[in-house]
Amino acid sequence: MATITVFKGDGIGPEITDAVLDILKAAGADLEFEVFRVGNQEYLENGALIPDAAFASFEKTKVLLKSPITTPIGKGFRSLNVTMREKYDLYANIRPAKSNSAVKTPFPDVDIVTFRENTEDLYVGKERWVDENTVIADKIITRRASERIIRDAFEYAVKQGRKKVTCVHKANILKMSDGLFLDIFNQVKAEYPTITAEDKIVDAVCMQLVMKPQQFDVMVMPNLYGDIVSDLTSGLIGGLGLLPSSNLGKDYAMFEAVHGSAPDIAGKGIANPTALLWSACMMLEHLQQKETAAKIRRAVDVVLAEGRETTPDIGGTGTTEGYKNAVIAHLN
């Protein structure tokens with residue numbers, strides 16, 4: 001039996017975490033849970049986003065299921081996600097966006113996996129005032145970080161039977177930083193002759209994603225573009241409530257929904273737990289519990305297709321509790 005660490009977060013985090021843990025237990029996941037409160041309330045009461053015991057748990061289990069955390073805009077504490085990715089070198093952020101026929105969008109047959117470098121670029125947060133009217137932010141791109149995320153994208157494509165990897169960049173303007181990322185992509189792609197490799201400028205990619213997203217398969221890119229483009233791909237499949245993610249490093253793995261803590265609907269019982277649930281399925285696959293993950297995915301597909309218990313963000317009138325109970329009822 002595997003033991004995992006769970007961060008319940010804030011906003012809708014506790015609601016969707018409870019729903020997901022109930023589903024995991026009902027599905028027979030071979031897991032034990034060490035659950036911790038993290039986020040804004042913990043910060044206000046104890047002066048730290050994450051209690052020491054929560055860090056210690058993750059360092060022991062090496063697997064974390066994390067629900068959304070509120071991050072203040074423009075002030076306050078630094079993003080917990082950024083902190084965790086740097087502290088544990090969770091360098092590969094993998095976000096699969098796959099259409100579900102039960103969720104109607106203008107973009108059928110989307111199946112895109114975004115590989116986002118997770119530890120550098122502008123997200124290092126190195127900003128400084130030059131004078132009272134000017135701020136400079138450092139954009140950091142290194143060979144080591146770029147090569148490992150690019151190689152991971154190609155390795156994933158090979159193992160998953162994918163056909164193409166697209167490098168997303170702005171090397172036409174950022175000739176040194178994004179130029180380095182693109183140069184490394186061109187070097188690595190030569191080692192994978194069975195995979196079609198291409199590169200595209202980020203603004204062109206965004207335009208093409210909303211015109212013909214089916215042309216994309218696996219995409220790899222620096223941190224900032226990965227954050228923006230992967231959110232765009234969630235819109236193609238029905239919204240952030242349907243986009244899971246994993247954050248992987250050599251020693252540690254963190255699984256989380258991409259969306260935020262949605263404090264405007266917290267406590268109303270209408271939050272969609274699908275993204276966190278599918279992130280938990282990625283976690284189960286990471287832990288070699290693939291049959292349990294497949295069982296949960298099948299149940300979710302049935303609930304989405306029936307539509308009776310889906311939540312308002314994807315056009316339904318259901319509740320978090322009703323959705324959870326419906327998924328559990330279809331586990332087989």
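The structure displayed is predicted, hence computed values, not measured ones.

Colleague: How do you make sense of the packing of aromatic side chains when you look at a structure like this?
Modeller: Two aromatic rings are characterised by how far apart their centres lie and by the angle between their planes. In the structure shown here, the tally under the stated rule is 7 aromatic pairs. Measuring from ring centre to ring centre gives 6.4 Å for Phe-55 and Tyr-88, while their planes differ by 40°; the resulting arrangement is tilted. In this pair, Phe-55 is assigned in helix α3 (residues 52-61) and Tyr-88 in the loop between α4 (80-87) and β4 (92-98), connecting sequence segments 33 residues apart. Here Tyr-88 falls in the buried class, since its relative accessible area comes to 6%. A ring pair is formed by Phe-58 and Tyr-88, whose centres lie 4.8 Å apart and whose planes are at 75°; its orientation type is edge-to-face. Separated by 30 residues along the polypeptide, Phe-58 in helix α3 and Tyr-88 in the loop between α4 and β4 bring together distant segments of the chain. Through pairs of rings, three or more aromatic residues link up here, namely Phe-55, Phe-58, Tyr-88 and Tyr-252.

Colleague: I keep staring at the state of the cysteines and nothing clicks. Help me out?
Modeller: Should the sulfur atoms of two cysteines be covalently bonded, the bond is a disulfide. Evaluation of the coordinates by the stated rule reveals 0 disulfides. Free cysteine: Cys-206, not disulfide-bonded; nearest cysteine sulfur from Cys-167 at 14 Å. Given a relative accessible area of 22%, Cys-206 falls into the partly exposed group.

Colleague: How should the packing of helix α9 (residues 274-286) against helix α10 (residues 290-306) be read in this particular structure?
Modeller: Direction vectors running N to C along α9 and α10 enclose 160°, while the axes themselves pass 8 Å from each other. Looking at the two axes, α9 sits roughly antiparallel to α10. The chirality of how α9 crosses α10 is left-handed. Across the interface between the two elements, Thr-274, Leu-277, Trp-278, Cys-281, Met-282, Leu-284 and Glu-285 from α9 touch Lys-290, Thr-292, Ala-293, Ile-296, Arg-297, Val-300 and Leu-304 from α10. Along the lines of polarity and charge, the residues of the contact of α9 with α10 split into 9 nonpolar, 2 polar and 3 charged.

The rules behind these values
- Residues numbered from 1 in each chain as written.
- Predicted model: local features only at pLDDT ≥ 70, side-chain atom pairs only at ≥ 80, totals over all residues.
- Heavy atoms only, no water.
- Phe/Tyr/Trp six-rings, centres within 6.5 Å; stacked < 30°, edge-to-face > 60°.
- Helix = DSSP H or I, 4+ residues; strand = E, 2+ residues; numbered from the N terminus.
- Buried < 20%, exposed > 50% of the residue type's maximum accessible area, 1.4 Å probe, protein only.
- Disulfide = S-S within 2.5 Å.
- Axes fitted to C-alpha atoms, helices over the stretch in contact; angles between N-to-C directions.
- Parallel < 35°, antiparallel > 145°, perpendicular 65-115°, else oblique.
- Left-handed = near helix turned anticlockwise from the far one by under 90°.
- Contact = heavy atoms within 4.5 Å.
- Nonpolar A, V, L, I, M, F, W, Y, C, P; charged D, E, K, R; others polar.

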